[in-house]
Amino acid sequence: MNPEELLRTLIRRTGLKPEHIKALRSLEPIAAPMAPEIALAFYDYLGRDPEMHKILWSVPGRVERLYQSFAVWYRELFSGQYDAQYAQGRIRIGLVHARVGVRPSHFIPAVGIVQELTLEHFRNALRGAEMLAAISAFEKVMAVEIALMQESYFNALWEGLKLTQNEQEALKEGARALLEQA
Ligand code: HEM
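Residues numbered from 1 in each chain as written. Predicted model: local features only at pLDDT ≥ 70, side-chain atom pairs only at ≥ 80, totals over all residues.

Participant: Describe in detail the overall build of the protein chain, supporting the description with residues and values.
Facilitator: Within the protein chain, the secondary structure is distributed over 8 helices and 0 strands. Of the regular secondary structure in the protein chain, the N- to C-terminal order runs α-α-α-α-α-α-α-α. In terms of overall dimensions, the protein chain is globule-like: its C-alpha atoms have a radius of gyration of 17 Å, near the 16 Å expected for 182 residues. Over its C-alpha atoms, taken along the principal directions, the protein chain stretches across nearly 55 × 35 × 20 Å. Residues classed as buried in the protein chain amount to 25% of the 182 residues present. Contacts in the protein chain between residues far apart in sequence, at least 24 positions, make up 71% of those at least 6 positions apart. (Helix = DSSP H or I, 4+ residues; strand = E, 2+ residues; numbered from the N terminus. Rg over C-alpha atoms; globule rule 2.2 N^0.38 Å. Buried ≥ 20, exposed ≤ 12 C-beta atoms within 10 Å, placed from the backbone. Contact = placed C-beta atoms within 7 Å.)

Put into structure tokens, the structure is as follows:
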């Protein structure tokens, strides 16, 4: 399935409707300024796990670069532009993680942290019905993100198993091959 088609399917399956997209866009002025703060808290959380600490700090300047990349990713959640470019970008991000040895068991709990940090901010900024609409829309877009990420990993593994039978290596090598083809 191509990324755009996959995204369309996920939008339908999660029930991400025009009213949710409108809600996400209307959250952008609140969410965009929060992105750097969320990025700081996010990498602080990741760094407390020994395995993830090693991945992140093994390359000089990596975390500093990631603060920026994460903030861009975060703002795009509220862009309302969930199109081919969005889908390709998200698939690519999934492959970048697979290539550096970040596994779903690292990634999925980290998604939970993004949700927790975001809900804390929403709680401070929003009230009543506005808050419920924000949570519902945000949960849907995050479900789309998780599914895109999982599909990236699956594609990388599938590709990599043509090259090696070692699962860890297959994931990395498959991701590398797909990133080169892109
Ligand atoms: C919600 C979860 C996460 C998000 C949104 C996220 C976001 C990103 C983004 C946007 C990039 C840049 C990709 C590119 O080059 O195009 C990236 C790269 C990366 N991420 Fe994550 N990430 C997440 C989870 C994690 C976790 C759990 C780890 C574990 C250590 C991690 C480690 C890395 C590493 C090592 C890179 C490559 C950095 C480099 O280019 O040297 N990420 N991430």
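Participant: An account of the site of the ligand is requested, with residue identities and associated values reported.
Facilitator: The full set close to the ligand counts 21 residues, and Met52, Ile55, Ser69, His106 and Ala110 are the nearest of them. Looking at the shell around the ligand, the elements with two or more residues in it are α3 (50-57), α4 (62-76), α5 (84-99) and α6 (104-125). Residues of the shell around the ligand, tallied by class, amount to 16 nonpolar, 3 polar and 2 charged. (Near = placed C-beta within 6 Å. Nonpolar A, V, L, I, M, F, W, Y, C, P; charged D, E, K, R; others polar.)

Participant: Describe the packing of helix α1 (residues 3-14) against α5, listing the residues and the values that go with them.
Facilitator: Interhelical geometry of α1 versus α5 gives an angle of 100° and a closest axis separation of 8 Å. When the interaxial angle is binned, α1 and α5 end up roughly perpendicular. For the pair α1 and α5, the contacting residues are Pro3, Glu4, Leu6 and Leu7 in the first and Ala84, Tyr86, Ala87, Gln88 and Ile91 in the second. Of the residues that constitute the contact of α1 with α5, the class distribution is 7 nonpolar, 1 polar and 1 charged. (Axes fitted to C-alpha atoms, helices over the stretch in contact; angles between N-to-C directions. Parallel < 35°, antiparallel > 145°, perpendicular 65-115°, else oblique.)

Participant: How would you summarise helix α8 (residues 167-181) if you had to cite specific residues and measurements?
Facilitator: In a regular helix each residue adds 1.5 Å, so 15 residues correspond to 21 Å; α8 covers 21 Å between its end C-alpha atoms and thus fits that length. All buried positions along α8 are accounted for by Ala170, Leu171, Glu173, Gly174, Ala175 and Leu178. The inward-facing, buried residues of α8 contact α5 and α7 (128-160). (Expected span 1.5 Å × (residues − 1).)

Participant: I'd like a rundown of the environment of Pro18, residues and numbers included.
Facilitator: Relative to the helices and strands, Pro18 resides in helix α2 (residues 18-47). Overall, the presence of 8 C-beta atoms within 10 Å leaves Pro18 in the exposed class. A sequence separation of 119 residues divides Pro18 from Ala137, and the C-alpha atoms of the two residues are 10.0 Å apart.

Participant: An account of the nonpolar core is needed here, citing residue identities and associated values.
Facilitator: Looking at soluble globular proteins, one finds that nonpolar side chains tend to be buried together. Counting residues in hydrophobic clusters, the biggest one holds 33 residues, and the most contacted among them are Val141 and Ala156. Counting only elements with at least two residues in this core, the list comes to α1, α2, α5, α7 and α8. Residues within four places of Val141 in sequence aside, it is in contact with Leu16, Leu24 and Leu77. (Core = buried A, V, L, I, M, F, W, Y, C linked by C-beta atoms within 7 Å.)

Participant: Could you give an account of the packing of α1 against α7, naming the residues involved and the relevant values?
Facilitator: Interhelical geometry of α1 versus α7 gives an angle of 140° and a closest axis separation of 10 Å. Taken together, the axes of α1 and α7 are oblique relative to one another. The chirality of how α1 crosses α7 is right-handed. Side by side, α1 and α7 meet where Leu6, Leu10, Ile11 and Thr14 of the first sit next to Lys140, Ala143, Val144, Ala147, Leu148 and Glu151 of the second. (Left-handed = near helix turned anticlockwise from the far one by under 90°.)

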